[in-house]
Amino acid sequence: RLAPVVGGEPGAALVGEALHVRIAATARTVWLVLEAADGQARTNAATLQRLGYVDVRVTCDLAGRERVVEGRAGARSRRL
């Protein structure tokens, strides 16, 4: 079990790709925006595309690291 805050990050932020997949697959929204761990934004973007999201893009944080992934639920988005 993780502490509620580890190194300034919420514990849930440290569980990896599986949480992003679950959020993306169960979200009931038109747009989904996720914060990605350092070096994981492209993987998260590919996951959104695989689940049927469209207009997927990656945005850099103020330090220039790819950190934000967003996408719009497409007509054929897969849900769990």
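Placed above this text is the structure.
Residues numbered from 1 in each chain as written. Predicted model: local features only at pLDDT ≥ 70, side-chain atom pairs only at ≥ 80, totals over all residues. Heavy atoms only, no water.

Draft legend 1. How the structure looks around the sheet that holds strand β3 (residues 31-35). Taken in spatial order, the 3 strands of this open sheet run β3-β5-β4, and their pairing is antiparallel. Each edge of the sheet is formed by a strand with only one pairing partner; in this case those strands are β3 and β4 (53-60). Averaged over all pairs of adjacent strands, the angle between their axes in this sheet comes to 15°, without regard to strand direction. Pairing of β3 with strand β5 (residues 66-73) involves 5 bridges; the strand directions are antiparallel. Note on β5: the bridge partner recorded for Val-33 is Glu-70. Against the sheet, helix α2 (residues 41-50) touches β3, β4 and β5, its axis set at about 5° to β5. (Pairing = 2+ DSSP bridges. Helix = DSSP H or I, 4+ residues; strand = E, 2+ residues; numbered from the N terminus. Axes fitted to C-alpha atoms, helices over the stretch in contact; angles between N-to-C directions. Contact = heavy atoms within 4.5 Å.)

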